[in-house]
Structures are given as C-alpha cells and as structure tokens.
Amino acid sequence: MFGNRAQPPIKSLIAEGIIIDGNIRFTEGLRIDGRVTGSVTADGDQPSILVVSEAATVTGGEIRADHVIINGTVKGPVHAAELLELQPLARVEGDVTYKALEMHQGAIICGHLQPVAGEEKPVLKLAANNP
C-alpha cells in the first residue's frame, strides 16, 4: 500500500467519552473512539492512517487520509487516497472515494462509491485466445 515505506504509527487517540466540536488535522496516525463533529484530515506530506472504532461517531465534515479504517459511524464524505477498510460495524452516510476498497459483510454505505483514477492496468489475454 505505501510501497517500501512502513505503515505510519498511530500516535494520537481521541478516547471514548471525548467530544470534539471542530475540525481536526493530524499527521501519521489517529484513532477515534469518541465523537467528532467536523472534518478529520491528514496532512498530505507523509503517509497517514485513520481508525474510526466501533464506539466512534464522526459527523458534519469530511474524512481524508491515505488509509482509512472504519468500524463506527461516519456522516459525511470519506476520501481514502490509498485504502479504505470498512469493518462489519461500519455505517457511512456520504459519498466515498478510494483507490482500493475492502468491505466486510455487515458494513453499510449510503452514498456513492467512486474509485480514484489510478494507474491503468494492463489488458490480460487468455492463452487459449492466442493462436
């Protein structure tokens, strides 16, 4: 996912019981177990990971990071520059853009799914079709 680079560490936590009204900008990794009303955005200079746990709710803004893992509730658009993982308890109300998507049984999206235009894949030919 990040090429030769290691996945960034999760260095920040919004714990269960914490309520934040306002936008959040973070670097590297962030885990949300509480409630956030506003946008949650990773700085684009380095790889980033965002985890929205099963206890978390993010509403009223967009989510933007390289690797996004959701197992809670999100009301707003989600932009995953690399990978979006939707765990079984994920509930997303908003449009979703991603480069790669992993969706577990039970996850729900109410919105449009739009893959990010990436590298064009080579056309595969079956050996049986070649004379």
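Residues numbered from 1 in each chain as written. Predicted model: local features only at pLDDT ≥ 70, side-chain atom pairs only at ≥ 80, totals over all residues. Heavy atoms only, no water.

A. Quick look at the overall build of the protein. Looking only at helices and strands, one finds zero helices and 15 strands in the protein. For the protein, restricting intrachain contacts to residue pairs at least 6 apart in sequence, the fraction spanning at least 24 positions comes to 9%. Accessible surface, the protein as shown: approximately 7800 Å² in total, 50% of it carbon and sulfur. (Helix = DSSP H or I, 4+ residues; strand = E, 2+ residues; numbered from the N terminus. Contact = heavy atoms within 4.5 Å. Areas by Shrake-Rupley, 256 points an atom, 1.4 Å probe, with all protein chains shown as cover.)

B. Focus on the nonpolar core. Counting residues in hydrophobic clusters, the biggest one holds 27 residues, and the most contacted among them are Ile32, Val40, Leu50, Ile63, Ile70, Val78 and Leu84. Residue assignment for this core shows that the elements contributing at least two residues are β3 (24-26), β4 (29-32), β6 (40-42), β7 (49-52), β9 (63-70), β11 (78-86) and β13 (96-103). Setting aside its immediate chain neighbours within four residues, Leu50 contacts Phe26, Leu30, Ile32, Val40, Ile63, Ala65, His67, Val68 and Ile69. (Core = buried A, V, L, I, M, F, W, Y, C linked by side-chain atoms within 4.5 Å. Buried < 20%, exposed > 50% of the residue type's maximum accessible area, 1.4 Å probe, protein only.)

C. Broad picture of the pattern of salt bridges. Using the criterion set out here, one finds five salt bridges in the structure. With a closest N to O distance of 2.9 Å, Asp33 and Arg31 form a salt bridge. Looking at Asp33, the relative accessible area reads 15%, which means it is buried. With a relative accessible area of 30%, Arg31 lands in the partly exposed category. A salt bridge links Arg64 to Glu62, with the shortest nitrogen-to-oxygen separation between them at 3.3 Å. When its relative accessible area of 37% is taken as the criterion, Arg64 is described as partly exposed. (Salt bridge = Lys/Arg side-chain N within 4 Å of Asp/Glu carboxyl O.)

D. Structural detail: the sheet that holds strand β8 (residues 57-59). One open sheet holds the six strands; their spatial order is β2-β5-β8-β10-β12-β14, and the pairing between them is parallel. Taken across any chain shown, the strands that pair with only one partner, and hence form the sheet edges, are β2 (19-21) and β14 (108-110). Neighbour-to-neighbour, the strand axes of the sheet open up by a mean angle of 5°, direction not taken into account. The pairing of strand β12 (residues 91-93) with β14 spans three bridges and is parallel. Opposite Glu93, over in β14, you have Cys110 as the bridge partner. (Pairing = 2+ DSSP bridges. Axes fitted to C-alpha atoms, helices over the stretch in contact; angles between N-to-C directions.)

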